[in-house]
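Remarks on the overall topology
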Amino acid sequence: HGITIVDVGLTTRLSQEDQKNFLDLFSAVAQGNGRRAGELIIERAPSNFSSEIPEENQRKFVEGMDAIVSSVDKDSFVLERIHIGKVLQDVLGLVYKYRVPLDPNFGTLVLSIVIAEGILRQLDGQLDIFKLSIPFLLKADKIYRNLALDTVAEIARHKLLS
């Protein structure tokens, strides 16, 4: 046993719009709706670049997102069972392959999540990151709190029906 000091050194301040975009995407992924997650990334591409993405690329990107999200075990967000870094790497691979532009804040957020996941996995692989995030989501603005509660309810329904 010892003392562990962690300083990941990355911070990102999201605007209200960026927060909404992130939480909408988080909600779609948490609910297992990969198609919606892919559509959200395209719809909310910076500076209206989504109109510049060929339709075929948009379709394949959305299909790829659906496959990635479907591959995630929705019954558990325990770090030992889900590898967020791999999932995000796959998403970034799709983004690159189909030339879907991402907001720079989202890229920084993804990097922060990957680093935090690695640290948390080493400290306690039994942590359930979704359950851990609920109190923070509930402290968010009223709009986001309602979104968080809707997401939690949807996941609970999914687990009961599984």
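Residues numbered from 1 in each chain as written. Predicted model: local features only at pLDDT ≥ 70, side-chain atom pairs only at ≥ 80, totals over all residues. Heavy atoms only, no water.

**Comments concerning the overall build of the chain**
Here is the rule: Counting from the N terminus, the helices are DSSP H or I runs at least four residues long and the strands are E runs at least two residues long. We call a residue buried when its accessible area falls under 20% of the maximum for its residue type, exposed when it is over 50%, and partly exposed in between, using a 1.4 Å probe and counting protein chains only. Here, two residues are considered to be in contact whenever any of their heavy atoms come within 4.5 Å of each other. Where accessible areas are quoted, they stem from the Shrake-Rupley method and a 1.4 Å probe; at the residue level, only the protein chains shown are allowed to cover.
Across its full length, the chain holds seven helices and zero strands. Secondary structure elements of the chain, listed N to C terminal, follow the sequence α-α-α-α-α-α-α. Split into buried and exposed, the 162 residues of the chain put 33% on the buried side. Restricting to contacts in the chain with at least 6 residues of sequence separation, those with at least 24 account for 73%. Element-wise, carbon and sulfur atoms account for 56% of the exposed surface of the chain, whose accessible area totals about 10200 Å².

**Observations regarding the nonpolar core**
For clarity, the cut-off: Definition used in this section: a nonpolar core is a set of buried Ala, Val, Leu, Ile, Met, Phe, Trp, Tyr and Cys residues joined via side-chain atoms within 4.5 Å.
The biggest cluster of nonpolar side chains holds 22 residues, and the ones touching the most others in it are I41, I42, F61, M65, V91, L94 and V100. The dominant element in this core, judged by the number of residues it contributes, is helix α4 (residues 84–97), at five residues. Residues in contact with M65, not counting those within four places in the same chain, are G34, A37, G38, I41, V91 and L94.

**As for the packing of α4 against helix α5 (residues 104–123)**
A pair of packed helices can be characterised by two numbers: the angle between their axes and the separation between those axes. We apply this condition: Lines fitted to C-alpha atoms define the axes here, with helix axes fitted over just the stretch in contact, and angles between the N-to-C directions of these axes take values from 0 to 180 degrees. In these notes the angle categories are as follows: under 35 degrees is roughly parallel, over 145 is roughly antiparallel, 65 to 115 is roughly perpendicular, and the rest is oblique. Here a crossing is called left-handed whenever its near helix is offset anticlockwise from the far helix by less than a right angle, and right-handed whenever the offset is clockwise. Throughout, the ten residues Ala, Val, Leu, Ile, Met, Phe, Trp, Tyr, Cys and Pro are labelled nonpolar, Asp, Glu, Lys and Arg are labelled charged, and all others, Gly among them, are labelled polar.
Here α4 crosses α5 at 160°, and the two axes come no closer than 9 Å. On the basis of their axis angle, the class for α4 and α5 is roughly antiparallel. In the packing of α4 onto α5, the handedness of the crossing is left-handed. Taken together, the residues of α5 that come into contact with α4 (itself represented by I84, G85, L88 and L92) are V110, I113, V114, E117 and R121. For the contact of α4 with α5, the residue count by class is six nonpolar, one polar and two charged.

**Some thoughts on the pattern of salt bridges**
We apply this condition: Salt-bridge detection follows one rule: a side-chain nitrogen of Lys or Arg within 4 Å of a carboxyl oxygen of Asp or Glu.
With the rule as written, the count across this model stands at eight salt bridges. Notably, a salt bridge pairs K20 with D24, separated by 2.8 Å at the nearest N-O pair. Residue K20 and its partner D24 are both found in helix α1 (residues 16–30); the two are separated by four residues, about one turn of the helix. The exposure class assigned to D24 is buried, which follows from its relative accessible area of 12%.

**A few points about the environment of V78**
Structurally, the position occupied by V78 is in the loop between α3 (55–70) and α4. Measuring from C-alpha to C-alpha, the distance between V78 and L127 comes to 5.4 Å, with 49 residues separating the pair along the chain. Residues in contact with V78, not counting those within four places in the same chain, are G125, Q126, L127 and D128.

**Digging into the packing of aromatic side chains**
For any pair of aromatic rings, the description consists of the separation of the ring centres together with the inter-plane angle of the planes. Formally: In this analysis, rings of Phe, Tyr and Trp, with Trp reduced to its six-membered ring, are considered paired at centre separations within 6.5 Å, and the interplanar angle assigns stacked below 30 degrees, edge-to-face beyond 60, and tilted for intermediate values. Charge-over-ring placement is defined geometrically: NZ (Lys) or CZ (Arg) within 6 Å of the ring centre, and within 35 degrees of the ring normal.
Under the defined criterion, the tally for this structure stands at zero aromatic pairs. Positioned above the aromatic ring of Y96 is the side chain of R99, whose terminal nitrogen or guanidinium carbon lies 4.5 Å from the ring centre.

**Quick notes on helix α2 (residues 34–43)**
Listing the buried residues of α2 in full gives G34, A37, G38, L40, I41 and I42. The elements touched by buried residues of α2 are α1, α3 and α4.

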